[in-house]
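Survey of secondary and tertiary structure
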Amino acid sequence: MFQQSLYLSQNNHTLHIRNINTSTNGIPVLMFHGSIENGKIFYTESGKGFACYLAEQGFDVYVVDFRGRGASTPAISGDSNFGQHETIVQDIPALIEYVYGLTKQPMHVVCHSWGGVLFGSALARFPALLPHIRAQVCFGTKRRVTVWNMERFLKVSLVWSLFTPLVTKRTGYLNAVKFGIGSDNETHQSILESLDWIKSSKWIDPIDNFDYGQAAKEIEWPQSWHITGVKDFALGHAQDVKLFINESCKHAARFSNLSKKAGYKVDYDHINILTHPDAPKDHFPEIVDWLKQH
């Protein structure tokens, strides 16, 4: 397996993309991570993770670190003044065009959590990107959080909605690593913009009022598979994943909730759906078969 780091310069920042493959002739797969994490949710340098598994199956994989996360520079700090709007409007379109330019063929897109919302927003806003996309797979992706249980109360109501805005208003960014609530940091602006969406039935850009909900109804979505785990109680609960399907790709969507009862080896949660050691023998092969069909 071959791994290399690629870099896409954008005005005053550089985006890091980890390219992993066993053959440069494989179908490209572009991967987007979620909030308070980076591309390492998909791979390790020692060859573990879903990205490495896809590379072993012959895909040409490109794992993104969003602006300021992972090996993208400059790292998020109190001086970072961007949010998810810039990721949707600038970075994701540039990354899709970059990978298309390298590979000269349409790509699959794989997203984890909020990364699926950002990618879906970019597709809805820029339909010209659609011919570059073969299919998408989203793990634990929701836009709104409507489910009510103890985990939602702790992680969403207390930590994300109350604690993080207060802390980041003072510091300018969330040091999620320091507080032990994530593997990478977030800007104050990105947190405010995400809060606007998880609480609202309206999928509208808080920066320029672009109506993603309306735009989503007017495009032909790529074939999409939304996957979550039965123990994902708040960050990608099945109820909220289905809500996002209904406002985006409902006419082209497949949905799975992975559990022992459904025939899988593990009752998966928001993170181990990608990192559990049983995943390469469980649902990863099924996803590969589905990607190859599209």
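First, a word on scope: everything that follows refers to the structure included in this document. The model shown is predicted, which means the values in this text are computed figures rather than measured ones.

About the cut-offs
Residues numbered from 1 in each chain as written. Predicted model: local features only at pLDDT ≥ 70, side-chain atom pairs only at ≥ 80, totals over all residues. Heavy atoms only, no water. Helix = DSSP H or I, 4+ residues; strand = E, 2+ residues; numbered from the N terminus. Buried < 20%, exposed > 50% of the residue type's maximum accessible area, 1.4 Å probe, protein only. Pairing = 2+ DSSP bridges. Axes fitted to C-alpha atoms, helices over the stretch in contact; angles between N-to-C directions. Contact = heavy atoms within 4.5 Å.

Concerning unusual backbone geometry
At the junction of Thr73 and Pro74, the peptide bond is cis and its omega measures out at -10 degrees in the coordinates. Inspection of the secondary structure puts Pro74 in the loop between β4 (60-65) and α2 (84-103). Here the phi dihedral of Ile36 falls at roughly 45 degrees; this positive angle occurs in a residue that is not glycine. Relative to the helices and strands, Ile36 is located in the loop between β3 (28-32) and α1 (50-56). With a relative accessible area of 18%, Ile36 lands in the buried category. Residue Lys104 is not a glycine yet carries a positive backbone phi of 60 degrees. Looking at the secondary structure, you find Lys104 in the loop between α2 and β5 (107-112).

Brief notes about the sheet that holds strand β1 (residues 2-10)
Within the open sheet, the eight strands sit side by side as β1-β2-β4-β3-β5-β6-β9-β10. Their pairing is mixed. This sheet does not close on itself; its edge strands, each paired only once, are β1 and β10 (253-258). Looking at each pair of strands side by side, their axes are set apart by 20 degrees on average, direction ignored. Of the pairings in the sheet, the one linking β5 to strand β6 (residues 133-139) comprises five bridges and is parallel in character. Its bridge partner lying in β6, His112 is registered against Phe139. Strands in contact with α2 are β1, β2 (13-21), β3, β4, β5 and β6; relative to β1, the strand with the most contacts, it is inclined by about 130 degrees. Packed onto the sheet, helix α3 (residues 114-125) meets β3, β5 and β6 and runs at close to 135 degrees relative to β5.

Bear in mind that shape data such as this cannot, by itself, settle questions of function.
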